[in-house]
Amino acid sequence: FESRFVSIFCFSTTQVVEAAVANSMLWLLVGCVLAVDVGCVWSVATPSETSEDARELGEALEAGDECRAGSSDSGQQSCGLSAVQLRGQRRSHLGTESGYEAAPAHKFGWMQSERCAGTELHELAFVVRPRSLAQLQEVALDRTNPCSPNYRKWLSRTEVSDLTRNEQGLLELRAHLRARAPEAAILHESRDGELLRVRAPVATWESLLSTEFFVYKHEEHNSTILRSINYLLPGALKEHVSGVLQAINFEQFIPKTMPGIDLNTGSRDTQQPFSSASFGWDNFTELQASVGPSLVSPTKLHKIYNMPAVAERGSDLANIQAKSSQVVYGALNQHWSPSDRTRFEEAFGIPQDNYVKQLKGQTEGFSMSGDAFCRQNPSDCREANLDVQYMKAMSPWTQIGYWYMPESDVDGHHYVTFLKDFMARFVDDDHPPQIISISYGRPEYVVSKVALDLFETLAMKLALQGTTILVASGDDGAASFLARKKLHGEECWSVPLIGLQVSWPSSSHWVTSVGATVGPASGQPEVVCQSNYTGPSTDGEAPLITSGGGYSHKVPKPAWQEGIHNESSRGVPDLSLLGHNFAMVIGGRWRSVDGTSASAPVLGGMLSLINSELIAAGRPTVGFLNPLLYATSSKSIFSDVTEGDNRCA
């Protein structure tokens, strides 16, 4: 996947534009976030087949080929699709409206074992369709369209609920469960009824969904899950239920090793163990002397992106900024350290008055802040520390929260738990945060259509309330983290099996996908951040990551990307920032790290500053950013990065 779109919108240059705030001129951050001069060309994209895989599948379906030559997960010759999977694909081509959904052909480590005992209890989550999905989409597109007179006229939580809650569908689902599954126990209903969690014996689910459940074991991890290869909803439920979760969802484990930092060495030039007291450097000055001019700090980011100075303590501006809210998401047992944050802020003169709110705090048993832990296990603090330190550095007076999903909750079904938690924490909240930054993802291939569509609905509801969702595009190039591990000595082994993979939820229609670049920190041209680049933009030292990006296999091209590229599907990322050699404190020591997971929270903090100005002026928040980013006709706003690539290897 070449670089012209990888970093198509990078803001190494800034520009002042007339803002929506009366009698005020705001510094430009992400193109013309508040610009009035936009190119108003607007149409609604229609879904279409989006991948070469889909075309090949169509040919196989027409030919009746149930055993095409292909590569298996082990690299040996095998059938591309089994007979059962092919029949499943025939039916799933009808869409989830048919009530049928099949598991992915490749399960990457999950091996089928014995049949489940019929008496074993298993939880499923029924996904209820919005009352009128077409109306929800129409309103969301209208309120996020900069050409519409209703642009950024956000709805209240109650108005969104009235638009989406499907009371009739819930009544029919509950009645059907009482009649067909009397043993089932309803555990929880989400606030707007999109998700009904139900527990019942496996035999009940097999009868209700015309399927069979098996025990699956992961060959590399000590994990087991109960799953089926496909299911079929009862005809009476198809009108109101799109499908179920935790039936055919096979999670691909996210590697604990993160590519943005070398966990085996204290620096790039020594062999000091990561957990030793000698890891890293004592202070920022020593780190800067070792890394050189490409080192990124809050001070340098302010200069490169023409950001305003940090507001003085107690000033009107500081009080204004305290009225906005931002949240970073954490998982994989990632802790953040308050003392590391303090040391980082002291080095750059960042106010320390504002504290990070634990969205799952000690009272709930899941506190993910721990100084001692980060000194003993610095590798488990890299991601969380990076997110917290840089989002807060960009907008230090803004209310900031850390939303953590405990690892014990997600073994084997991470993204399903993510959806549940995302709904409970934000979508069901009366006052969701204005900025949500997510630095995690998984290959789009493993995400079921029902799960993907549910997230689209949830993100759409947040967009209608003025929330901006930012998601890092990934650190493993165009093939996702599946390419990080070699198989039989082969890199990019997953590509022949499933094709190039964008990261989800970065590929969602309703999020802004954020990639990484390198160069401006050392005064060099801006290029794609890629691990095989050693030119002047990186001072001759290759980055540890390659910015993720590509085209979705599952999300059609949005209207706001028409005329940008020639593919029929969603392209990512939407814009990019620096993502190489970010200075940070881990376990009391200074270290430099790489990652789109640095770029996303930095952008989040920048947007919080704009939201603060808007709120103070009685204006609506920025909200969903993409239609405005792509609608602008001013080429001077962005820097089109055309050098570099994000190849698998």
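Remember, it's a predicted structure, so these values are computed and weren't measured experimentally.

A.B. asks: Sorry if this is basic, but what is going on with empty space enclosed by the protein here?
C.D. replies: Using a probe with the size of a water molecule, rolled over the atoms, empty space left in the structure can be pinpointed. Applying the stated criterion to the full structure yields 5 cavities of 30 Å³ or more. As a volume, the second largest cavity reaches approximately 50 Å³. Lining the second largest cavity we find His302, Pro308, Ala309, Val310, Ala311, Gln321, Met394, Pro396 and Leu609. When its residues are assigned to classes, the lining of the second largest cavity shows 7 nonpolar, 2 polar and no charged.

A.B. asks: Before we go on, may I ask you to explain the sheet that holds strand β6 (residues 110-115) in this structure?
C.D. replies: In a beta sheet, neighbouring strands are held together by backbone hydrogen bonds and run either parallel or antiparallel to one another. Taken together, the 3 strands give an open sheet; going across it, the order is β6-β10-β11, and neighbouring strands pair in antiparallel fashion. On the outer flanks of this sheet lie β6 and β11 (224-228), each paired with one strand and no other. Each neighbouring strand pair of the sheet contributes to a mean axis angle of 40°, computed without reference to strand direction. Note: strand β10 (residues 213-218) against β11, 5 bridges, orientation antiparallel. Opposite Lys217, over in β11, you have Thr224 as the bridge partner.

A.B. asks: Sorry if this is basic, but what is going on with the sheet that holds strand β8 (residues 185-189) here?
C.D. replies: A sheet is described by the order of its strands in space; here 4 strands give the open sequence β8-β9-β7-β13, paired in antiparallel fashion. Of all strands in the sheet, those bounded by a partner on one side alone are β8 and β13 (241-245). Neighbouring strand axes in the sheet, compared pairwise and without regard to direction, differ in orientation by 25° on average. On the sheet, helix α15 (residues 449-464) packs against β7 (121-128), β9 (195-201) and β13 and is oriented at approximately 110° with respect to β13.

A.B. asks: Where do I start with the pairing of strand β21 (residues 512-518) in this structure?
C.D. replies: Looking down a regular strand, the side chains alternate between one sheet face and the other. Within β21, 7 of the 7 residues are buried, which leaves the element mostly enclosed by the surrounding structure. The sheet contact formed by strand β19 (residues 468-472) and β21 spans 3 bridges and is parallel. Note on β21: the bridge partner recorded for Ala472 is Val514. Where β21 and strand β25 (residues 575-578) come together, 4 bridges link them in parallel fashion. When the bridges of β25 are listed, Thr517 appears paired with Leu578. Inspection of the sheet shows β21 paired to strand β22 (residues 527-528) by 2 bridges, in the antiparallel sense.

A.B. asks: What should I look at first to understand the confidence of the model for the chain in this one?
C.D. replies: Reading predicted coordinates in detail is not appropriate for stretches of low pLDDT. Residues of the chain with pLDDT of at least 70 account for 73%, and the chain-wide mean is 78. In the model of the chain, strand β1 (residues 17-18) stands out as the element of lowest mean pLDDT, 22, in contrast to helix α7 (residues 202-209), which has the highest, 97. Scored below 50 in pLDDT, residues 1-39 makes 150 contacts in the model with residues more than four places away or belonging to other chains. Every residue in residues 360-367 scores below 50 in pLDDT, and together they form 15 contacts with partners more than four places removed in sequence or on other chains.

A.B. asks: Looking at this structure, how should I read the environment of Ser210?
C.D. replies: Within the element layout of this structure, Ser210 appears in the loop between α7 and β10. Along the backbone, Ser210 and Leu232 are 22 residues apart, and their C-alpha atoms lie at a distance of 5.9 Å. Dropping the residues within four chain positions of it, Ser210 is found in contact with Trp205 and Leu232.

A.B. asks: Can you walk me through the packing of helix α4 (residues 133-143) against α15 in this structure?
C.D. replies: What describes two packed helices is the angle between their axes and the distance between those same axes. At a minimum axis separation of 10 Å, α4 and α15 run at an interaxial angle of 45°. As the angle between them shows, α4 and α15 are arranged oblique. The two elements α4 and α15 cross, and the hand of that crossing is left-handed. Along its contact with α4, which presents Leu133, Leu136, Gln137, Val139, Ala140 and Arg143, the element α15 presents Thr457, Met460 and Leu464. For the contact of α4 with α15, the class distribution of residues is 6 nonpolar, 2 polar and 1 charged.

A.B. asks: Is there a simple way to explain the side chain of Asp192 in this structure?
C.D. replies: Locating Asp192 in the fold gives a position in the loop between β8 and β9. At 2.7 Å, the side chain of Asp192 and the side chain of Ser161 are in polar contact. In contact with Asp192, not counting residues within four places along its chain, are Arg157, Ser161, Thr164, Arg165, Asn166, Asp428 and Lys461.

A.B. asks: Whenever I open this one, the packing of aromatic side chains confuses me. Can you help?
C.D. replies: Any pair of aromatic rings gets described here by the distance separating the centres and the angle formed by the planes. The tally for this structure, following the rule as stated, stands at 15 aromatic pairs. Ring plane angle 55° and centroid distance 5.7 Å describe the contact between Phe126 and Trp205, whose orientation is recorded as tilted. You can see Phe126 sitting in strand β7 and its partner Trp205 sitting in helix α7, a full 79 residues away along the chain. Per residue, the accessibility class of Phe126 equals that of Trp205, and both read buried. Ring centres of Trp560 and Phe624 lie 5.9 Å apart, and the angle between their planes is 70°; on these two criteria the pair is classed as edge-to-face. In this pair, Trp560 is assigned in the loop between β23 (550-556) and β24 (569-572) and Phe624 in the loop between α17 (596-616) and α18 (626-631), connecting sequence segments 64 residues apart. Accessibility classification places Trp560 together with Phe624 in one group, the buried group. One aromatic cluster is present, formed by Phe284, Phe344, Phe348, Tyr390, Phe582 and Trp590 through successive ring pairs. Sitting over the ring of Phe214, Arg115 keeps its end group 5.6 Å from the ring centre.

A.B. asks: Just checking my understanding: could you explain the side chain of Ser439 for this structure?
C.D. replies: Examined against the element boundaries, Ser439 turns out to sit in the loop between β17 (435-438) and β18 (442-443). Residue Ser439 is classed as buried on the basis of its relative accessible area, which comes to 11%. Not counting residues up to four positions away in its chain, the partners in contact with Ser439 are Glu383, Asp387, Ala472, Ser597, Ala600 and Pro601.

A.B. asks: Whenever I open this one, α17 confuses me. Can you help?
C.D. replies: Each full turn of the α-helix corresponds to 3.6 residues, which orients residues three or four apart in the same direction. Under the 1.5 Å per step criterion, the end-to-end length of α17 is 31 Å for 21 residues, consistent within 8% with the ideal 30 Å. Count one or two residues on from α17 and you reach Gly618, which has phi positive near 75°.

A.B. asks: Got a minute to help me understand the environment of Ser448 in this structure?
C.D. replies: Inspection of the secondary structure puts Ser448 in the loop between β18 and α15. Looking at Ser448, the relative accessible area reads 7%, which means it is buried. The spatial distance from the C-alpha of Ser448 to the C-alpha of Ala103 is 7.7 Å, given a sequence separation of 345 residues. For Ser448, the side chain forms a polar contact with the main-chain nitrogen of Ala451, separated by 3.2 Å.

A.B. asks: Got a minute to help me understand the pattern of salt bridges in this structure?
C.D. replies: Two side chains with opposite charge may pair up if their charged atoms get near one another. Summed over all chains, the structure comprises 19 salt bridges. Across the salt bridge formed by Glu194 and Lys461, the nearest N and O atoms sit 2.2 Å from each other. On the criterion of sequence distance, the pair formed by Glu194 in the loop between β8 and β9 and Lys461 in helix α15 is long-range, its members being 267 residues apart. The exposure classification of Glu194 matches that of Lys461, with both residues buried. In this structure, the salt-bridge partner of Arg589 is Asp282, at a minimum N-O distance of 2.3 Å. You can see Arg589 sitting in strand β27 (residues 589-593) and its partner Asp282 sitting in the loop between β13 and α8 (284-291), a full 307 residues away along the chain. In this structure Asp282 comes out as partly exposed when scored by relative accessible area, which is 38%. Within this structure, Arg157, Asp192, Glu194, Asp428 and Lys461 form a network of salt bridges that share partners.

Calculation notes
Residues numbered from 1 in each chain as written. Predicted model: local features only at pLDDT ≥ 70, side-chain atom pairs only at ≥ 80, totals over all residues. Heavy atoms only, no water. 1 Å grid on protein atoms, 1.4 Å probe; cavity = no way out; pocket = protein on both sides within 12 Å on 5 of 7 lines; lining within 4 Å. Points joined across faces, edges and corners; volume = space filled by probe spheres on them. Nonpolar A, V, L, I, M, F, W, Y, C, P; charged D, E, K, R; others polar. Pairing = 2+ DSSP bridges. Helix = DSSP H or I, 4+ residues; strand = E, 2+ residues; numbered from the N terminus. Axes fitted to C-alpha atoms, helices over the stretch in contact; angles between N-to-C directions. Contact = heavy atoms within 4.5 Å. Buried < 20%, exposed > 50% of the residue type's maximum accessible area, 1.4 Å probe, protein only. pLDDT = per-residue confidence, 0-100. Parallel < 35°, antiparallel > 145°, perpendicular 65-115°, else oblique. Left-handed = near helix turned anticlockwise from the far one by under 90°. Polar contact = N/O pair within 3.5 Å; in protein donor to acceptor, adjacent residues only side chain to side chain. Phe/Tyr/Trp six-rings, centres within 6.5 Å; stacked < 30°, edge-to-face > 60°. Lys NZ or Arg CZ within 6 Å of the ring centre and 35° of its normal. Expected span 1.5 Å × (residues − 1). Salt bridge = Lys/Arg side-chain N within 4 Å of Asp/Glu carboxyl O.

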